[in-house]
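Examination of the molecular architecture
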Amino acid sequence: MARINWPRDGLLLACMLVAENGWRELQPADKRVRSLSKILRKLPLHDATAADPKFRSSGNVSRETGDIVTVHAGSHGATSKGGG
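Scope of this entry: the structure provided in the associated data block. (Residues numbered from 1 in each chain as written. Predicted model: local features only at pLDDT ≥ 70, side-chain atom pairs only at ≥ 80, totals over all residues. Heavy atoms only, no water.)

Before going further, it helps to spend a moment on the overall build of the chain. The secondary structure content of the chain amounts to three helices and zero strands. Each helix and strand of the chain, ordered N terminal to C terminal, gives the series α-α-α. Here the chain holds 84 residues, and the buried ones make up 37% of them. For the chain, the exposed surface amounts to about 5,200 Å²; the carbon and sulfur share of it is 55%. (Helix = DSSP H or I, 4+ residues; strand = E, 2+ residues; numbered from the N terminus. Buried < 20%, exposed > 50% of the residue type's maximum accessible area, 1.4 Å probe, protein only. Areas by Shrake-Rupley, 256 points an atom, 1.4 Å probe, with all protein chains shown as cover.)

Rendered as structure tokens:
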């Protein structure tokens, strides 16, 4: 999972969501994805990039959950780029 370039806490939270979702990707409209997006945008780890509406958006969080799924040991599909 080293290829996923997220702050550690954000990655752990996204992994938790994926695990709770049966190791399946979560969609942008999922309330858990929207909630995590809001939390990640509020973390004091980022400079002005957090002001960009695309930064850690629900779509971005959803794609990251998909990346996590592809590197999970039980995945049978191709490994995605993983944000790296």
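Further remarks concern the nonpolar core. The biggest cluster of nonpolar side chains holds 12 residues, and these are Leu-11, Ala-14, Cys-15, Leu-17, Val-18, Leu-26, Val-33, Leu-36, Leu-40, Val-61, Ile-68 and Val-69. Here the element with the most residues in this core is helix α1 (residues 8–20); it accounts for five residues. (Core = buried A, V, L, I, M, F, W, Y, C linked by side-chain atoms within 4.5 Å.)

What follows concerns a positive patch on the surface. Taken together, Lys-31, Arg-34, Lys-38 and Lys-42 make up a surface patch of like positive charges. Assignment of secondary structure puts Lys-42 in helix α2 (residues 31–42). (Patch = residues over 30% accessible without salt bridge, like charges linked within 9 Å, V, L, I, M, F, W, Y side chains within 5 Å. Salt bridge = Lys/Arg side-chain N within 4 Å of Asp/Glu carboxyl O. Lys, Arg positive; Asp, Glu negative; His and termini not counted. Charge placed at Lys NZ, Arg CZ, Asp CG, Glu CD.)

It is worth spelling out helix α3 (residues 58–71) at this point. Taking 1.5 Å of rise per residue, the 14 residues of α3 would be expected to cover 20 Å, and the 20 Å separating its terminal C-alpha atoms lies within 8% of that figure. With 12 of its 14 residues buried, α3 lies for the most part within the structure. Among all positions of α3, only Ser-58, Gly-59, Asn-60, Val-61, Ser-62, Glu-64, Thr-65, Gly-66, Asp-67, Ile-68, Val-69 and Thr-70 are buried. Lining the buried residues of α3 we find α1 and α2. (Expected span 1.5 Å × (residues − 1). Contact = heavy atoms within 4.5 Å.)

Let us look at the pattern of salt bridges. For the structure shown, the criterion picks out one salt bridge. For the salt bridge of Arg-32 with Asp-30, the shortest nitrogen-to-oxygen distance reads 2.7 Å.

Bringing the environment of Thr-65 into the picture now. Assignment of secondary structure puts Thr-65 in helix α3. For Thr-65, a relative accessible area of 0% puts it in the buried group. If near-sequence neighbours (up to four positions away) are discounted, Thr-65 is found in contact with Val-18, Glu-25 and Leu-26.

In this model, α2 (12 residues) spans 17 Å end to end at C-alpha, consistent with the 16 Å of a helix rising 1.5 Å per residue. When we look at burial in α2, the residues that qualify are Val-33, Leu-36, Ser-37 and Leu-40. For α2, the angular spread of the buried residues around the axis is 105 degrees, confining them to a single face. Turned more than 90 degrees away from the buried face of α2, the exposed residues are Lys-31, Lys-38 and Lys-42. Buried residues in α2 make contact with α1 and α3. (Arc of directions from axis to C-beta.)

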